[in-house]
Amino acid sequence: MASAENNVAPRKKREGGEDISGVDEKRGRTEPDRLESCLDQPVDSSVLEVVKFTPSPLPAKHYDADTTEPISCGLCTMEELLSWKRSEANPFNVSVVPLAAREPPLASTPRRTLVSHDMMGGYLDDRFVQGTNTEAPYAFYHWQYIDIFNYFSHHLVTIPPAVWTNAAHRHGVIVLGTFITEWTPGAAMCEAFLKDEESYRAVADKLVQISHCHGFDGWLVNIENVLSKEAVKNTPLFLRYLTDQMHERVPNSLVLWYDSVLDSGELKWQNELNQSNRMFFDACDGLFTNYNWTEQNLEVMKEDSGAQGRQADIYVGVDVFARGHVVGGMFETNKALELIRRHNFSAAIFAPGWVYETHEDKSKFRKNQDKFWGLLSDYLYIHRPASPLPFISSFCQGFGKAIYWRGQQETKRSWFNLTAQEIQPLYYHVDLVAQGWLRSCGCPEDAWNGGCSLLLDGLIPAAHSPSLCAKIFSLHVPLAPKTLVTLVYKASAGVTVSLELMTADASQCKNIDVQEIQSTSVLPEFLDDGHDVVRHFTQLCGNLSPQGWTLRCTQLELSGCVLREVCVRIHRDGEPQDRPFSCRIGEIMILDVASLQVPPELVHGMCIEDVVWLHGAGTLQDSSSPCLHLNATLRWDYPAELVRHFRVYWRRLRGPDPRIPPGQLALVGRAYSNLFRVTELAIPDPPGLLELVVEPVLRKGFTIPESHWGRRSLSYTEDVTE
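These figures come from a predicted structure and were not determined experimentally. (Residues numbered from 1 in each chain as written. Predicted model: local features only at pLDDT ≥ 70, side-chain atom pairs only at ≥ 80, totals over all residues. Heavy atoms only, no water.)

Here we take up the overall build of the protein chain. Check the secondary structure of the protein chain and you find 11 helices and 35 strands. What you see for the protein chain is a C-alpha radius of gyration of 27 Å, in line with the 27 Å of a compact globule of 722 residues. A principal-axis box enclosing the C-alpha atoms of the protein chain has dimensions of 80 × 80 × 50 Å. Burial statistics for the protein chain: of 722 residues in total, 59% are counted as buried. Here the protein chain contributes 67 positively and 90 negatively charged side chains, and the mean placements of these two sets differ by 3 Å. (Helix = DSSP H or I, 4+ residues; strand = E, 2+ residues; numbered from the N terminus. Rg over C-alpha atoms; globule rule 2.2 N^0.38 Å. Buried < 20%, exposed > 50% of the residue type's maximum accessible area, 1.4 Å probe, protein only. Lys, Arg positive; Asp, Glu negative; His and termini not counted. Charge placed at Lys NZ, Arg CZ, Asp CG, Glu CD.)

Turning our attention to empty space enclosed by the protein. The calculated volume of the largest cavity comes to roughly 110 Å³. In terms of lining residues, the largest cavity is bounded by 15 residues, among which Trp-448, Phe-537, Leu-544, Glu-587 and Met-589 are the most central. Only strand S23 (483–491), helix H11 (532–541) and strand S28 (579–592) provide two or more residues apiece to the lining of the largest cavity. By residue class, the composition of the lining of the largest cavity is eight nonpolar, three polar and four charged. Here the lining of the largest cavity spans two domains, and each of domain 2 (391–595) and domain 3 (604–717) adds at least three residues to it. A volume near 80 Å³ is recorded for the second largest cavity. In terms of lining, the second largest cavity is formed by Trp-143, Gln-144, His-171, Ile-382, His-383, Pro-385, Gln-424, Leu-426, Phe-473 and Ser-474. Formed jointly, the lining of the second largest cavity draws a minimum of three residues from each of two domains, domain 1 (108–383) and domain 2 (391–595). (1 Å grid on protein atoms, 1.4 Å probe; cavity = no way out; pocket = protein on both sides within 12 Å on 5 of 7 lines; lining within 4 Å. Points joined across faces, edges and corners; volume = space filled by probe spheres on them. Nonpolar A, V, L, I, M, F, W, Y, C, P; charged D, E, K, R; others polar. Domains from an automatic or database assignment.)

What follows deals with the side chain of Glu-182. Among the structural elements, Glu-182 can be located in strand S6 (residues 174–182). In this structure, Glu-182 is buried with no salt-bridge partner, the nearest side chain bearing the opposite charge being Arg-323 at 11 Å. For Glu-182, the side chain forms a polar contact with the side chain of His-154, separated by 2.9 Å. Beyond its immediate stretch of four places on either side in the chain, Glu-182 contacts His-154, Ala-187, Glu-224 and Asn-225. (Salt bridge = Lys/Arg side-chain N within 4 Å of Asp/Glu carboxyl O. Polar contact = N/O pair within 3.5 Å; in protein donor to acceptor, adjacent residues only side chain to side chain. Contact = heavy atoms within 4.5 Å.)

Let's shift gears to the layout of surface pockets. Space inside the second largest pocket adds up to approximately 780 Å³. Together, 33 residues line the second largest pocket, and Phe-365, Arg-366, Lys-367, Asp-370 and Gly-442 are the ones closest to its centre. Among the elements of the structure, helix H10 (365–376), strand S14 (399–400), strand S18 (428–431) and strand S19 (437–443) are those that each provide at least two residues to the lining of the second largest pocket. Per-class residue counts for the lining of the second largest pocket are 14 nonpolar, nine polar and 10 charged. Each of domain 1 (108–383) and domain 2 (391–595) contributes no fewer than three residues to the lining of the second largest pocket.

Moving on to the packing of helix H4 (residues 197–214) against helix H5 (residues 229–249). For the pair H4 and H5, interaxial distance at closest approach is 9 Å and the crossing angle is 30 degrees. In terms of orientation, H4 and H5 fall into the roughly parallel class. As H4 packs across H5, the resulting crossing turns out to be right-handed. For the pair H4 and H5, contact is made by Tyr-200, Arg-201, Val-203, Ala-204, Asp-205, Leu-207, Val-208, Ser-211 and His-212 and by Asn-234, Leu-237, Phe-238, Tyr-241, Leu-242, Gln-245, Met-246 and Arg-249, respectively. For the contact of H4 with H5, the class distribution of residues is 10 nonpolar, four polar and three charged. (Axes fitted to C-alpha atoms, helices over the stretch in contact; angles between N-to-C directions. Parallel < 35°, antiparallel > 145°, perpendicular 65-115°, else oblique. Left-handed = near helix turned anticlockwise from the far one by under 90°.)

The subject of this paragraph is the pairing of strand S3 (residues 113–117). Counted residue by residue, S3 has five buried out of five residues, so it is predominantly covered. The pairing of S3 with strand S11 (residues 346–350) spans four bridges and is classified as parallel. Its bridge partner lying in S11, Leu-114 is registered against Ala-348. Here S3 runs beside strand S4 (residues 148–151); their pairing, made up of four bridges, is parallel. Across the sheet, residue Val-115 finds its bridge partner in S4, namely Phe-149. (Pairing = 2+ DSSP bridges.)

Here the focus is the packing of helix H7 (residues 295–303) against helix H8 (residues 333–342). Helix-helix packing: each pair is described by the crossing angle between the helix axes and the interaxial distance. Running from N to C, H7 and H8 point in directions that differ by 20 degrees, and their axes come no closer than 10 Å. Judged by the angle between their axes, H7 and H8 are roughly parallel. As for how H7 packs across H8, the hand of that crossing is right-handed. Facing Glu-295, Leu-298 and Lys-302 of H7, the residues of H8 in contact are Leu-339, Ile-340 and Arg-342. Here the contact of H7 with H8 is built from residues that sort into three nonpolar, no polar and three charged.

This brings us to the domain arrangement of the protein chain. Domain annotation of the protein chain identifies domain 1 (108–383), domain 2 (391–595) and domain 3 (604–717). Summed over both partners, the interface of domain 2 with domain 3 comes to about 1,400 Å²; 52% of that surface belongs to carbon and sulfur atoms. Inspection of the region where domain 2 meets domain 3 yields four salt bridges. Ionic pairing is found between Arg-670 and Glu-410, a salt bridge with its closest N-O pair at 3.1 Å. Put simply, the parts of the chain that give the side of domain 2 that touches domain 3 at least two residues each are strand S15 (403–405), strand S16 (408–411), H11 and S28. Across the side of domain 2 that touches domain 3, the residue classes tally to 10 nonpolar, seven polar and four charged. (Buried area = accessible area lost by both parts, 1.4 Å probe.)

Here we take up the pattern of salt bridges. Any two side chains of opposite charge can pair if their charged atoms end up close together. Within this structure, the stated rule accounts for 27 salt bridges. Between Asp-446 and Lys-490 there is a salt bridge, with the nearest N and O atoms lying 2.6 Å from each other. Of the two residues, Asp-446 sits in the loop between S19 and strand S20 (449–450) while Lys-490 sits in strand S23, which places them 44 residues apart along the sequence. Overall, Lys-490 belongs to the partly exposed group, its relative accessible area being 23%. The shortest N-O distance in the salt bridge between Glu-609 and Arg-635 comes to 2.4 Å.

Right, let's talk about the UniProt feature "domain: Cytosolic endo-beta-N-acetylglucosaminidase TIM barrel" (unreviewed entry) in the protein chain for a bit. Mapped onto this numbering, the UniProt entry gives "domain: Cytosolic endo-beta-N-acetylglucosaminidase TIM barrel" (unreviewed entry) at residues 123–402. Structurally, residues 123–402 is divided into 35% helix and 17% strand, and its ends, taken at the C-alpha atoms, are 23 Å apart. (UniProt positions renumbered as here; feature names shortened; annotations may be inferred.)

On to the packing of aromatic side chains, then. On inspection of all chains with the given rule, the structure shows 33 aromatic pairs. Ring geometry for Phe-149 versus Trp-164: centroids 4.7 Å apart, planes at 15 degrees, classification stacked. With Phe-149 in strand S4 and Trp-164 in helix H2 (residues 162–170), the pair connects residues that are 15 residues apart, well separated along the chain. Here Phe-149 and Trp-164 have matching classes, each one buried. Ring centres of Phe-288 and Tyr-291 lie 6.2 Å apart, and the angle between their planes is 80 degrees; this geometry places the pair in the edge-to-face category. Residue Phe-288 is classed as buried on the basis of its relative accessible area, which comes to 0%. Since its relative accessible area comes to 5%, Tyr-291 is described here as buried. Sitting above the plane of the Phe-281 ring, Arg-310 keeps its charged end 3.8 Å from the centroid. Positioned over the ring face of Phe-331 is Lys-371, at 4.1 Å from the centre of the ring. (Phe/Tyr/Trp six-rings, centres within 6.5 Å; stacked < 30°, edge-to-face > 60°. Lys NZ or Arg CZ within 6 Å of the ring centre and 35° of its normal.)

Next up, the structure:
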């Protein structure tokens, strides 16, 4: 499989023997409590630390050597793979987002789309689990178009960074790691692990354990080297065992085979499914073909009896870089997709990061990415989020020029963290009559929450009807008997903004193809600010301070209905005339009215561990000399499904000078799980006492009283033994 040049990204500062029996429970059940290591820290007591500048005891492959930031990585050798232990795995590189429900389910999707992300060797800015500060990162946000995401690199075992798995799972997209062997070293590895049943089962067991531990959903197996007669005989047995074990241990998992080796052991890419590679296809969940196919290859496969009933499992490869003799590629990739869909096959789009890698002006990345996927959109099939209420999105793409909270900048610097990405809307550009147009795109210049808002802009021509309807989401979300819908927006003068919702009878959805469901348009009226539900909601949210944004609410009473589409209507005010407009959508929330209450849960079990002391550049007030940097891991317990994120703060309680009063809470960063690594925190010299504080930020935006926050103090003294 071709790949871009192998580069290593520079370090950037942060954003704010086991056997298969070790996997006893399917994912989704309760995992062992990671707080057990904190049991030796009595509740309400200070953690006591002596400041010693000793080398970090944390494993270098899991933590940045300079800052102790947690990082993602793969495995490079067979020894690393076979000696892998769950107890030694990086606890930060574990997906915290379960695979979301979608409609239609993957198994019912007849023509699927896989994206294989290969960029400059992998593990770039995305390797920083807690995010990083970077001006122009690569991100993917057209999730509604794809079904499977593969993170590809040329490590022997590519473990997808958790930030990618989190973003994909939030959109119902399955994530695959990569197991690859190549050239002469790869051939030697294959001869060793494919020599007998015990050896190939040992490798498969470790791959299953790794997938289960890190929370992703399967493997692309890519053997790109010759195999001996004995090794090739055992390869389908390895694939079948790996596939069966994955299906048993990880629900909805997949194992795919890349078109490379033949049943003779020869390395010869076929660009199709045929008799020479069918035994591998038959042993797993699907085939990812090489890229140099022609329409004749597709026609041959369509008539092949071995493909009958499994055409969806044949993923025809498309190299976006257009290397070799290929159909389409680059901004003509749609030519390949048109042929693939004409013959009813699935598609595997390799290296769509071409839109980022090959264009020097990174400021145009969003424009180029939207153009690329817009050209493909006629040949892609939208899947709909189908999780129960609440449905919430502020359109954050997981990167931006600042971090916003309720319309105000919380952090004023560029950042990147795909775990922060929220459910993405539909992005498009459509032309209207009389030179009118409508565009939907991400806008980092202003936001309500996160890093960007959704910008709807365009021109309503005089010859057009006074209203445009911009589809924002395609969904399949059951509504409550009473449902509250909130819309935060900022519109230009001369237009009025309203909602249009498409709903369907829930009973229909159980009996027919969801694509054939008849929908009904609902045009809800916004409620007055004095309405009981509106007043109750805003009281729960505390001081919203819109800062130029408009918050409007509407209530639906549509029992037994499913929400299918969310649209924003832009209405031209006044007489017919050409009316340019822009409307930033900051957030949409769809809530069960019965759920409008602050949850009673408290942050508990908070502990501080893995403390590392470092000297750093002075960042404390009135300090120009090197100062003390605290690095530590925080753990706590709180229901993850309730929160958007956590804010982590610190404050000084007592220092060496008793005349200095305790400090105010200062923001350290945002955490997206019950685990956070504090890094490079400049604190006063010892002796001192500081407090670390965790505030849950609820998905629904309700304010949590400080009595529910988590707190732990850390007392630190000089090392008097030196």
